[in-house]
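Analysis of the macromolecular model
Residues per chain, in single letters:
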Amino acid sequence: MGESSVKTLETRTAVSSPTEVEAETRPGPDRALIARLRLPRRPSIWFEILLIAISYWTYSLIRNAVPEQKAVALANADWIWGVERSLGIAVEQSVNHAVNSVTWLIVGMNYYYATLHFVVTIGVLVWIYRFHPGRYAATRMVLFATTGVALVGYYFYPLAPPRLMNGQNFIDTVLVHHTWGSMASGNLKHMSNQYAAMPSMHIGWSLWCGLTIFAVATAPWARILGLLYPTATLVVIVATANHFWLDAVGGMICLAFGYTVSRTWYGSLPHRLPRHPLPVGPHPASDLLNRFRTRA
């Protein structure tokens, strides 16, 4: 009687019914939803415009809401400057003074700093959306994750730009040449947090643009321009005394984080995804909305 009971128990434990096996191997509703969300699909133009507008508004709101800790920001700037001098790379002041002596060049850099940061970034987003829709969502996620983690840097490490340092004789090229090359100078300085220099999103965004163009474009001249753009941006942010070299390093680290997030979510780097998405049905958000409407 005892052996029979043990055998029966072993049999029940070792052998599962087909229904039980199927339940164990079938992905749950949460996993299925996540899998569908991770599939590249054709983006909606109106959704993207709304998403980008809200995201940039939120970014600006949070960035400017970070307390302007002037004393801490200036102390951090002195520390950064000291580190660069010990490393032998503290040439920002020399570059700033040399370029400032060529009026047409520095004026052009002021306008470059004020405009291309937005124009080129939006242009690359539109280009990827139009001609590489299957790669768009992953590419956009890189940019969004990069910008999001930069906000953490602004909050925890306030940093004054070189032009605001005390006693270092940096030139604020916007004030000197009366251009509108920076939201943090002149009459517009009260609209932007002046002590959010680390990391540099001018480098983060321009390098995102450059790498995206280099990885996706087929024309050699376009790929070369893609690499030249962040290089030129690096010279501009230093020449206008808006950033240190190490701010650029911070921007690069943020971009690396952005690529890591996108690759983790989509399982591949953006340029390795299919150029055109496969027909995978409506977005899961549409299904949830339809279910809500049905129940209502």
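Here, the structure is the one placed above.
Residues numbered from 1 in each chain as written. Predicted model: local features only at pLDDT ≥ 70, side-chain atom pairs only at ≥ 80, totals over all residues. Heavy atoms only, no water.

Moving on: the packing of helix H10 (residues 201-216) against helix H11 (residues 220-239). For the pair H10 and H11, interaxial distance at closest approach is 7 Å and the crossing angle is 170°. Of the possible angle classes, the one that applies to H10 and H11 is roughly antiparallel. Here His202, Ile203, Ser206, Leu207, Cys209, Gly210, Ile213 and Phe214 of H10 come into contact with H11, specifically with Ala222, Arg223, Gly226, Leu227, Tyr229, Pro230, Thr233, Leu234 and Ile237. (Axes fitted to C-alpha atoms, helices over the stretch in contact; angles between N-to-C directions. Helix = DSSP H or I, 4+ residues; strand = E, 2+ residues; numbered from the N terminus. Parallel < 35°, antiparallel > 145°, perpendicular 65-115°, else oblique. Contact = heavy atoms within 4.5 Å.)

On to the pattern of salt bridges, then. In the structure shown here, the tally under the stated rule is two salt bridges. Between arginine 140 and glutamate 48 there is a salt bridge, with the nearest N and O atoms lying 2.6 Å from each other. Pair noted here: arginine 140 is in helix H8 (residues 133-156) and glutamate 48 is in helix H4 (residues 45-65), with a separation of 92 residues, a long-range link. Judged by relative accessible area, arginine 140 falls into the buried class, the value being 14%. (Salt bridge = Lys/Arg side-chain N within 4 Å of Asp/Glu carboxyl O. Buried < 20%, exposed > 50% of the residue type's maximum accessible area, 1.4 Å probe, protein only.)

The terminal C-alpha atoms of helix H5 (residues 70-87), which comprises 18 residues, lie 26 Å apart, in line with the 26 Å expected from a rise of 1.5 Å per residue. For H5, the full list of buried residues reads Ala73, Leu74, Asn76, Ala77, Ile80, Trp81 and Glu84. In a view along the axis of H5, the buried residues occupy a sector of 160°, so they form one face of it. Away from its buried face, by an angle of more than 90 degrees, H5 presents the exposed residues Ala71, Trp79, Arg85 and Ser86. Among the structural elements, helix H6 (92-100) and helix H12 (245-266) are those in contact with the buried residues of H5. Just downstream of H5, glycine 88 is the residue with a positive phi angle, here 75°. (Expected span 1.5 Å × (residues − 1). Arc of directions from axis to C-beta.)

Before going further, it helps to examine a nonpolar patch on the surface. A cluster of nonpolar side chains, namely Tyr56, Phe118, Ile122 and Val126, defines an oily patch on the protein surface of about 360 Å² accessible area. The greatest single-element share of the nonpolar patch, amounting to three residues, is contributed by helix H7 (residues 103-131). Its location among the elements puts valine 126 in helix H7. (Patch = residues over 30% accessible without salt bridge, like charges linked within 9 Å, V, L, I, M, F, W, Y side chains within 5 Å. Areas by Shrake-Rupley, 256 points an atom, 1.4 Å probe, with all protein chains shown as cover.)

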